[in-house]
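For reference, the chains in residue letters:
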Amino acid sequence: MPAAAPADAETDARWMRRALALGERAQREDDEVPVGAVVVDAEGRLVGEGWNRNITEHDPTAHAEIVAMRQAGMRLGNHRLVGCTLYVTLEPCTMCAMAMIHARVARVVYGATDPKTGAAGSVFDVLGDPRHNHRLAVQGGVLGEEAAARLTAYFRAKRAARRG
């Protein structure tokens, strides 16, 4: 079974910057919450990417992580993403965390912590629950301040527009 590509801060930051750019597309092109995600295989190659599309596609499951994992599965020709690392700008929710477990993702790296629905240790610890038959490595806070600032700005602008 292939292991995730070796983790180093520079590589994590590079892929997180790509995920942040995808999150920016979500906001700019679709007026979606600016969350982006990329999936990188064990050799360090990009195999999937996505951004929030749930509003645009009228699909409650079209979170950035799910979109990226679907694309990775198609590219790899497998529903298992063994050895892959998923980079996402916001801590995964429970739905996305369980999808990562079922897909056998090796590692997840996220930016901002989600104080409302985070499932990688902040509100829930779905990814760390020892009852699962698969465990993945979790690294949070990579470019977290930048990711959090973008999310805060998005929601502030939305609230201001409603008041204005």
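Residues numbered from 1 in each chain as written. Predicted model: local features only at pLDDT ≥ 70, side-chain atom pairs only at ≥ 80, totals over all residues. Heavy atoms only, no water.

Caption draft 1: Main features of helix H1 (residues 9-30). Compared with the 32 Å implied by 1.5 Å per residue over 22 residues, the 31 Å span of H1 between its first and last C-alpha is a close match. Of the residues making up H1, those classed as buried are Asp12, Ala13, Trp15, Met16, Ala19, Leu20, Leu22, Gly23 and Ala26. Considering only its buried residues, H1 is in contact with strand E1 (36-40), strand E2 (46-51), strand E3 (85-90), strand E4 (107-112), strand E5 (137-139) and helix H4 (144-163). The N-terminus of H1 is capped by aspartate 8, whose side-chain oxygen sits 3.1 Å from the backbone nitrogen of glutamate 10. Taken from the residues just after H1, aspartate 31 is the one with a positive phi, measuring 55°. (Helix = DSSP H or I, 4+ residues; strand = E, 2+ residues; numbered from the N terminus. Expected span 1.5 Å × (residues − 1). Buried < 20%, exposed > 50% of the residue type's maximum accessible area, 1.4 Å probe, protein only. Contact = heavy atoms within 4.5 Å. Polar contact = N/O pair within 3.5 Å; in protein donor to acceptor, adjacent residues only side chain to side chain.)

Caption draft 2: Structural context of the side chain of aspartate 114. Structurally, the position occupied by aspartate 114 is in the loop between E4 and E5. Comment: no salt bridge for buried aspartate 114; closest opposite-charge side chain is lysine 116, at 7.3 Å. A polar atom in the side chain of aspartate 114 sits 2.9 Å from the backbone nitrogen of lysine 116. (Lys, Arg positive; Asp, Glu negative; His and termini not counted. Salt bridge = Lys/Arg side-chain N within 4 Å of Asp/Glu carboxyl O.)

Caption draft 3: Here's a closer look at the packing of H1 against H4. Packing of H1 against H4 leaves a shortest axis separation of 11 Å and a crossing angle of 5°. By the criterion of interaxial angle, the relationship of H1 to H4 is roughly parallel. Across from Leu20, Ala21, Glu24 and Gln27 in H1, the residues of H4 making contact are Glu146, Ala147, Arg150 and Tyr154. Among the residues forming the contact of H1 with H4, the class breakdown is 4 nonpolar, 1 polar and 3 charged. (Axes fitted to C-alpha atoms, helices over the stretch in contact; angles between N-to-C directions. Parallel < 35°, antiparallel > 145°, perpendicular 65-115°, else oblique. Nonpolar A, V, L, I, M, F, W, Y, C, P; charged D, E, K, R; others polar.)

Caption draft 4: Here's a closer look at the sheet that holds E1. The mixed open sheet is built from 5 strands, whose spatial order is E2-E1-E3-E4-E5. The sheet is open, and its two edges are formed by E2 and E5, each paired on a single side. Put simply, the sheet's adjacent strands are angled 15° from each other on average, direction ignored. Where E1 lies against E2, 5 bridges are found, and the strand directions are antiparallel. (Pairing = 2+ DSSP bridges.)

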